[in-house]
Amino acid sequence: MGAFNKYKAMEFPRCVVVGHDALEDVAKVCTQLKLGSPVFLIQDGVTRKIAGDRVRELLEKAMFEVRETEITEADHSEITRAQKLLAETKAAVAFGIGGGRPIDVAKCASFNAGIPFVSVPTAASHDGIVSSKASILGASGKKESVNAHCPMAVIGDTKIIASAPHRLLVAGCADVISNSTAVLDWDLAAKLKNEYYSTSAVSLSRMTAEMMIENARMIRPGLEESAWFVLKALVSSGMAMGIAGSSRPASGSEHMFSHALDTIAKKPALHGEQVGVGTIMMMYLHRGDWKGIRSALRTLGAPTSAEELGVAPEEVIEALVHAHEVRPERYTILGEHGLSQESAMNLATVTKVI
Ligand code: ZN
């Protein structure tokens, strides 16, 4: 037996506040965590009105200095611009206030600037609201997964999340359900490639997906209870990634399919919607209960076919054929060589995706 050389680093939020009127506690959270001033808000025109203005008001009342900017896209130029503003204003902490883009920009800009960031989701459409990964639009027009840091605090107000478009919440549910195949892919990589594997990360991730599948009928438009359930599930997924030290427990072949579809489809659907459809197909390859996944997605009102995603059948096939190229270092059920045109066609047909 060789010398003991195991090593692992875990990163979690220090403070997670979710629930009714959670936003009202923003100053308390900043004070408790000694986050300092100025606080820099990164938002867009819509999320500023939904939450940003109130955050500013509450922080100023508690004597925090507040600076802010509105972003239009989550791309490298907006990250550079935000990072410059953080330096110029000597910001002590950055807030990402929004569904996806403002959080992604705040996550990366604060990471580069070496200051903490607080995630204030206005929608619960994906697990990026809690994780250290950001989805950034690259120069080639392709979305890239960028490593940054996990939020110091997450403030998820169920009243705000429940009033966001229901389609976003449903996409968040599908992103949680995708953990079902992500953990199977990880298990495969551990067995075949001797990859590091965390049983506790897998247990948490799998349990979260199972709870979402079992409670799919509870997710209704406009209900704070539904927003609460989904937020908690996204936080659990984020914790599983924190334990794993990677996105492994929440991102496998079904995510690769979605990333491939992002670059191939003329009009891609939402991240969560695409990974949901990917989960049906990858679960079929894993010989698992793919029909159970499909029926949970249907109950939620999430897309289960190319038509419902609004993409062409040929785009689904191409995405399946190229999915394994998205992250070649991440071994999944797609193997090193991926699917042939014919097997991709069979897979999409038998699972009724096309
Ligand atoms: Zn995801």
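Given the structure is predicted, the values throughout are model-derived calculations rather than measurements.

**Q** Could you clarify how one ought to interpret the sheet that holds strand S1 (residues 15-19) in this entry?
**A** Sheets are built from strands that pair by backbone hydrogen bonding, the pairs being arranged parallel or antiparallel. Spatial strand order, S1-S8-S5-S4-S2-S3: 6 strands in an open sheet with parallel pairing. Both edges of this open sheet fall to S1 and strand S3 (66-70), since each of them pairs with a single strand only. Within this sheet the neighbouring strands show an average axis-to-axis angle of 15 degrees, counted without direction. In the sheet, S1 pairs with strand S8 (residues 153-157) via 5 bridges, with the strands oriented parallel. Residue pairing across strands places Val-17 opposite Ile-155, the latter belonging to S8.

**Q** Before we go on, may I ask you to explain the environment of His-126 in this structure?
**A** Relative to the helices and strands, His-126 is located in the loop between strand S5 (117-121) and strand S6 (133-137). Spatially, the C-alpha atoms of His-126 and Phe-40 are 23 Å apart, while their sequence positions differ by 86 residues. Excluding its chain neighbours within four sequence positions, the residues that come into contact with His-126 are Gly-99, Gly-100, Gly-172, Asp-175, Leu-234 and His-271. For His-126, the side chain forms a polar contact with the main-chain oxygen of Gly-99, separated by 3.3 Å. Engagement of the side chain of His-126 in a polar contact is seen with the backbone nitrogen of Gly-128, the distance being 3.0 Å.

**Q** What exactly am I supposed to notice about the nonpolar core here?
**A** Side chains that are nonpolar tend, in soluble globular proteins, to be buried together. Residues Ile-42, Met-212, Val-230, Leu-297 and Leu-300 are the most contacted members of the largest nonpolar core, which totals 49 residues. Among the elements that make up this core, the one with the highest residue count is helix H9 (residues 224-244) (7 residues). When residues of this core are assigned to domains, at least three map to each of domain 1 (15-163) and domain 2 (166-350). Among residues more than four places away in sequence, those in contact with Met-212 are Cys-173, Val-176, Ile-177, Phe-229, Val-230 and Ala-233.

**Q** For this particular structure, what's the right way to read the packing of aromatic side chains?
**A** Aromatic rings in a pair are described by how distant their centres are and how their planes are angled relative to each other. Inspection of the entire model under this criterion finds 3 aromatic pairs. With a centroid separation of 5.7 Å and an interplanar angle of 75 degrees, the aromatic rings of Tyr-284 and Trp-290 are classed as edge-to-face. For Tyr-284, a relative accessible area of 33% puts it in the partly exposed group. An aromatic cluster is present here, built from Trp-186, Tyr-196 and Tyr-197 joined pairwise through their rings.

**Q** Hey, could you run me through the domain arrangement of the chain in this one?
**A** It is common to report an interface's size as the accessible area lost on association of the parts. For the chain, the domain assignment lists domain 1 (15-163) and domain 2 (166-350). Across the contact, 21 residues belong to domain 1 and 24 residues belong to domain 2. Summed over both partners, the interface of domain 1 with domain 2 buries about 1,900 Å², with 72% contributed by carbon and sulfur atoms. The tally of links from domain 1 across to domain 2 stands at 0 salt bridges. Of all elements in the fold, only S1 and helix H5 (158-162) reach the threshold of two or more residues within the side of domain 1 that touches domain 2. Looking at which element gives the most residues to the side of domain 1 that touches domain 2, the answer is H5, with 4 residues. Class assignment of the residues belonging to the side of domain 1 that touches domain 2 gives a composition of 9 nonpolar, 7 polar and 5 charged.

Quick notes on the rules
- Residue numbers run consecutively from 1 along every chain, following the written order of its sequence.
- Restriction of local features to residues with pLDDT of at least 70 applies here, the model being predicted, together with a cutoff of 80 or more for giving and counting side-chain atom pairs; totals for whole chains, interfaces and linings are based on all residues.
- With hydrogens and water set aside, each side-chain value is computed from the structure's full complement of heavy atoms.
- Strand pairing is assigned whenever DSSP detects at least two bridges linking the two strands.
- Starting at the N terminus, helices and strands are each numbered in turn, a helix being any DSSP run of H or I of at least four residues and a strand any DSSP run of E of at least two.
- Inter-axis angles, ranging from 0 to 180 degrees, are taken between N-to-C directions of lines fitted to C-alpha atoms, where helices are fitted over the stretch in contact.
- Working rule for contacts: check all heavy atoms of both residues, and any pair within 4.5 Å makes them a contact.
- Two N or O atoms form a polar contact when they lie within 3.5 Å of each other; inside protein one atom must be a possible hydrogen donor and the other a possible acceptor, and for residues adjacent in sequence the pair counts only when both atoms belong to side chains.
- Take the buried residues of types Ala, Val, Leu, Ile, Met, Phe, Trp, Tyr and Cys, join any two whose side-chain atoms come within 4.5 Å, and each joined set is a nonpolar core.
- Only protein chains enter the area calculation, which uses a 1.4 Å probe; residues under 20% of their type maximum are buried, those over 50% are exposed, and those in between are partly exposed.
- Start and end positions for the domains come from either an automated domain assignment or a database one.
- Each aromatic pair joins two rings of Phe, Tyr and Trp (for Trp, the six-membered one) with centres within 6.5 Å, and gets the label stacked for planes under 30 degrees apart, edge-to-face for over 60, and tilted for any other angle.
- Defined in terms of a 1.4 Å probe, buried area is the accessible area two parts forfeit on being brought together, summed over both.
- The salt bridge criterion pairs a side-chain nitrogen of Lys or Arg with a carboxyl oxygen of Asp or Glu, the two atoms within 4 Å.
- Each residue receives one of three labels: charged for Asp, Glu, Lys and Arg, nonpolar for Ala, Val, Leu, Ile, Met, Phe, Trp, Tyr, Cys and Pro, and polar for the others, Gly being one of them.

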